[in-house]
Amino acid sequence: MTKYEFFGDAVNGLRRIRRLADGDIGGWLASEANLAHDGKAWVYDSAQVCGNALVSGNARVSANARVSGNEQV
């Protein structure tokens with residue numbers, strides 16, 4: 001099940017996300033592999049997830065946080 005979509009232009013290799021269920025605007029991802037579609041994980045505000053990093057489960061990344069490299073949240 002797809003829970004978000006990318007929209008708008010890429011900025012520094014990152015794209016903004018929008019939650020399909022309610023239209024909530026999320027943070028920034030480098031690729032779809034950075035945020036799991038299952039679970040309640042979400043990237044908020046100006047937070048960025050890039051590289052091989054993965055946000056999954058019930059994790060929340062917000063404010064100006066940056067998750068990168070091989071990190072898993």
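Residues numbered from 1 in each chain as written. Predicted model: local features only at pLDDT ≥ 70, side-chain atom pairs only at ≥ 80, totals over all residues. Heavy atoms only, no water.

Undergrad: Would you mind showing me how to read the sheet that holds strand β1 (residues 4-11) here?
TA: Within a sheet, neighbouring strands are paired by backbone hydrogen bonds and run either parallel or antiparallel to one another. Here five strands make up an open sheet; going across it, the order is β1-β2-β3-β5-β7 and the pairing mixed. The two strands at the open ends of the sheet, each matched to only one other strand, are β1 and β7 (66-67). As judged from the two bridges shared by strand β5 (residues 48-49) and β7, these two strands associate in the parallel manner. Its bridge partner being in β7, Val49 is matched across the sheet by Val67. (Pairing = 2+ DSSP bridges. Helix = DSSP H or I, 4+ residues; strand = E, 2+ residues; numbered from the N terminus.)

Undergrad: How do you make sense of the pattern of salt bridges when you look at a structure like this?
TA: Pairs can form between side chains of opposite charge whenever their charged atoms are close. Evaluation of the coordinates by the stated rule reveals three salt bridges. Put simply, Arg18 and Glu5 hold a salt bridge, and the shortest N to O gap is 2.9 Å. Note that Arg18 is positioned in strand β2 (residues 14-19) and Glu5 in strand β1, a separation of 13 residues in sequence. Between Arg19 and Asp24 there is a salt bridge, with the nearest N and O atoms lying 2.8 Å from each other. Residue Asp24 is classed as partly exposed on the basis of its relative accessible area, which comes to 26%. Overlapping salt bridges, with partners in common, bring together Arg19, Asp22 and Asp24 in one network. (Salt bridge = Lys/Arg side-chain N within 4 Å of Asp/Glu carboxyl O. Buried < 20%, exposed > 50% of the residue type's maximum accessible area, 1.4 Å probe, protein only.)

Function-wise, these values are silent; they only describe arrangement.
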